[in-house]
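An overview of the molecular structure
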Amino acid sequence: MNDLSNYRKSYEKSELLESNIPEDPINLFDRWFHEAEEFGGDSEVNAVTLTTIGLDGFPKARVVLLKKFTEEGFIFYTNYNSEKGKAIAENPHVCLSFFWHTMERQVIIKGIAKKIDGVSSDIYFESRPDGSKLGAIVSDQSEVISSRAFLEEKLQALENSFEGTVIPRPDHWGGFIVTPLEVEFWQGRPNRLHDRIRYQNKVDFTWEIDRLSP
Ligand SMILES: Cc1cc2nc3c(=O)[nH]c(=O)nc-3n(C[C@H](O)[C@H](O)[C@H](O)COP(=O)(O)O)c2cc1C
């Protein structure tokens, strides 16, 4: 039996008060991201759980790496033909959630995902090491394959054919940008009286700010 009922922790590191937050959630995200990097010691602060609604009607969550965030949104890269890629093509409503446990913080973003333009994907693809570029070409992400050897042989064949040449970005690989509609910041507090501040995007990027009960 694995009884985990005694696993509990008091959250005491910080607080999230209306008197100390910006009008725009991207600014607060920026502050929290850099604090997680600087003080948190989490090794992959840009790892984010992406949830999509699948073609089968089920939500599915998996980790991707956030590669950029701006006022316009949050960018990650993937295979457009993967399960998540097909899910987004059918239903662009997605959720991104970060858990920075060393900071006792969570951020949950609901938004609309759309493909970024090809030139921007090219620029990012070009910055990747050759091995990652070839991996993106080799992997028909989310398809069933016969064995690991199948992948390794395919990689070897590609390495030979691209030796000494530029490796082009495949059309089926690129970025998605998630435009946020709602961003919730959660700061753990003692006695389970956590701080939860939610920003909701009203018209033209004016943000309504509410405190939610923990
Ligand atoms: C730490 C970590 C980072 C990952 N980064 C990415 C990523 O940036 N892009 C990506 O497509 N998959 C990434 N993956 C793999 C995904 O979690 C997932 O297995 C893959 O994208 C296939 O998902 P799908 O079949 O639901 O489309 C990462 C996994 C982990 C654990």
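Whatever comes next refers back to the structure up there.
1. Describing the pattern of salt bridges
Enumeration according to the criterion identifies 17 salt bridges in this entry. Of the charged contacts, one joins Asp130 and Lys133 as a salt bridge, the two residues approaching to 3.7 Å between their closest N and O atoms. On the criterion of helical spacing, the pair formed by Asp130 and Lys133 is a turn pair, its members being three residues apart in helix α4 (residues 130-138). Note that Asp195 and Arg189 form a salt bridge whose closest N and O atoms lie 2.8 Å from each other. Judged by relative accessible area, which is 5%, Asp195 ranks as buried.

2. Quick notes on the packing of aromatic side chains
When we look at a pair of aromatic rings, we describe it by the centre distance and by the angle of the planes. In this structure the tally under the stated criterion is 18 aromatic pairs. The interplanar angle of 85° and the centroid separation of 4.8 Å between the aromatic rings of Phe29 and Phe69 together place this pair among those described as edge-to-face. One end of the pair, Phe29, is in helix α1 (residues 25-40); the other, Phe69, is in strand β2 (residues 59-70), with 40 residues separating them in the sequence. Under the relative-accessibility criterion, Phe29 is labelled buried at 0%. The rings of Phe29, Phe33, Phe69, Phe74, Phe98 and Trp100 are connected pair by pair, giving a single aromatic cluster. A cation sits over an aromatic face here: Lys115 above Tyr80, 4.4 Å from the ring centre.

3. Focus on the nonpolar core
Grouped together as the largest cluster of nonpolar side chains are 33 residues, with contacts concentrated most on Phe29, Phe74, Phe98, Trp100, Val107, Ile109 and Phe185. Every element with two or more residues in this core is listed here: α1, β1 (47-53), β2, β3 (73-79), β4 (93-100), β5 (105-115), β6 (173-187) and β7 (195-201). The element that contributes the greatest number of residues to this core is α1, accounting for six residues. Discounting residues that sit within four places of it in the chain, Phe185 has contacts with Leu16, Pro25, Leu28, Phe29, Trp32, Gln106, Val107, Asp195, Arg196, Ile197 and Tyr199. Among the nonpolar cores identified, the runner-up in size contains 14 residues, and Ile75, Phe125, Val138 and Ile167 belong to it.

The rules behind each value
Residues numbered from 1 in each chain as written. Predicted model: local features only at pLDDT ≥ 70, side-chain atom pairs only at ≥ 80, totals over all residues. Heavy atoms only, no water. Salt bridge = Lys/Arg side-chain N within 4 Å of Asp/Glu carboxyl O. Helix = DSSP H or I, 4+ residues; strand = E, 2+ residues; numbered from the N terminus. Buried < 20%, exposed > 50% of the residue type's maximum accessible area, 1.4 Å probe, protein only. Phe/Tyr/Trp six-rings, centres within 6.5 Å; stacked < 30°, edge-to-face > 60°. Lys NZ or Arg CZ within 6 Å of the ring centre and 35° of its normal. Core = buried A, V, L, I, M, F, W, Y, C linked by side-chain atoms within 4.5 Å. Contact = heavy atoms within 4.5 Å.

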